[in-house]
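Spelled out from the first residue to the last, the chains are:
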Amino acid sequence: MSSLDEPDDDLLARVFLTRVIEPGDEVGGRWVRELGVEEVVRRLREGGAALPGVSGKRWAGLLARAAVARPHQDLAVARDAGVRFVCPGGTEWPAQLDDLGDARPLGLWVRGRAALRMWALKSVAVVGARACTEYGAHMAATLAAGLAEQGWVVVSGGAYGVDGAAHRGALAAGGATVAVLACGVDRPYPRGHTRLIGRIAEQGLVVGELPPGDHPTPSRFILRNRVIAALTRGTVVVEAAHRSGSLVTARAAQRLGRHTMGVPGPATSALSAGVHELLRGEAALVTDAADVVELVGAIGELAPDRRGPVLPRDLLDPATRQVLAALPGRGAVRPDEIARRAQTAQDDAIARLYELRALGYVERHGDGWKLTRHAVMSVRDVPGPC
């Protein structure tokens, strides 16, 4: 049940535990799996012997948190802020989060009108450096806009830099985006993104594991990233230094069997060093939304072939191109010499020379043939082997 009007015992118990157990706590997750959520709450409220897997000191800390947990109050505050609580197994719960095992969220606080489960079915994470370059911001926004235009939901962490650029790119394209926060969803962080997160809540979804009013910490940012990885079909990293938190998201995605992708940057950029490390491993190189969709989309959603511009000479048939290539850049050549260079009969070479003259590539010069000025310039424009 995810209604805030008549909360059931399971929902109340899970809301209670979001005040007591930190996100991603696998010991707490194991208690819930083995004993059931209501039994764990009972043991915490009664304050008896410690549950297995924790020290006496840590158990005392959990009991202190349990003593001040007020799930009814949290639900009331959430309702006033337009926030609902989604439980595992409920109709809005994204089943792919179950891949996290005992590190699965106890539940998710959700702000926004859309159905989280449906949006998560076709979603991609776009993450990267907070202190990104203009290139990184441009690539993140362009990728997100392209994904949104193709009907994909863009998921990120609401942070400065690449995250913010990705959210803005999706919003600008009139698309869907989800911000997964490391704090209460009624308390936008960073403060400088208050307006952006408000727009996301209106046009998309704001999601988090922590109850209303709770604050972020460094460890909560790191643990939040596992939710981004599990929620989506794949993670794209746009600019990341060697110790970037976005690499945590990418590695979590790899462990979960999700697609991991990276956007390359300059070899001299420290902000791309982490991405390049991923690309040397199992991550796929992507440069636009089509590349991403080819990996995470349905069979047959292929990116277009990458090729240089088509030149007029490319439209000639191979034998005619061979005759054209037999003419030197300067001076005239007799037909028999052209035929020898093109490895064809003289009559065939002459016939193709007249065809090339009609197209403006060659001209008669006494008893020989030479390239026109136009043809010489077009040959110079063609890059040679390197």
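Residues numbered from 1 in each chain as written. Predicted model: local features only at pLDDT ≥ 70, side-chain atom pairs only at ≥ 80, totals over all residues. Heavy atoms only, no water.

A. Local environment of the overall build of the protein chain. Secondary structure assignment for the protein chain yields 17 helices and 11 strands. For the protein chain, whose C-alpha radius of gyration is 31 Å, the value lies well above the compact-globule estimate of 21 Å for 386 residues. For the protein chain, the C-alpha atoms occupy an extent of roughly 110 × 40 × 35 Å along the three principal directions. Taking all 386 residues of the protein chain together, 51% fall into the buried category. (Helix = DSSP H or I, 4+ residues; strand = E, 2+ residues; numbered from the N terminus. Rg over C-alpha atoms; globule rule 2.2 N^0.38 Å. Buried < 20%, exposed > 50% of the residue type's maximum accessible area, 1.4 Å probe, protein only.)

B. Here's a closer look at the packing of helix α2 (residues 26–35) against helix α3 (residues 37–46). For the pair α2 and α3, the least separation of the axes is 6 Å and the interaxial angle reads 115°. For the pair formed by α2 and α3, the contact residues are W31, V32 and L35 on the first element and V37, E39, V40 and R43 on the second. Partitioning the contact of α2 with α3 into residue classes produces five nonpolar, no polar and two charged. (Axes fitted to C-alpha atoms, helices over the stretch in contact; angles between N-to-C directions. Contact = heavy atoms within 4.5 Å. Nonpolar A, V, L, I, M, F, W, Y, C, P; charged D, E, K, R; others polar.)

C. Just the sheet that holds strand β6 (residues 205–208), in detail. Taken together, the nine strands give an open sheet; going across it, the order is β1-β2-β6-β5-β4-β3-β7-β8-β9, and neighbouring strands pair in mixed fashion. Two strands in the sheet have a free side with no partner beyond their single neighbour: β1 (83–86) and β9 (284–285). Of the pairings in the sheet, the one linking strand β7 (residues 234–238) to strand β8 (residues 259–263) comprises five bridges and is parallel in character. Bridge pairing links T235 to T260 in β8. Contacts between helix α10 (residues 218–231) and the sheet are confined to β3 (123–128), β4 (153–156), β5 (177–181) and β7, with β5 contributing the most and set at about 150° to the helix. (Pairing = 2+ DSSP bridges.)

D. Structural detail: the UniProt feature "domain: Smf/DprA SLOG" (unreviewed entry) in the protein chain. Using the residue numbers shown here, the UniProt feature "domain: Smf/DprA SLOG" (unreviewed entry) corresponds to residues 85–295. Overall, residues 85–295 shows 39% helix and 18% strand. The separation of its end C-alpha atoms is 32 Å. (UniProt positions renumbered as here; feature names shortened; annotations may be inferred.)

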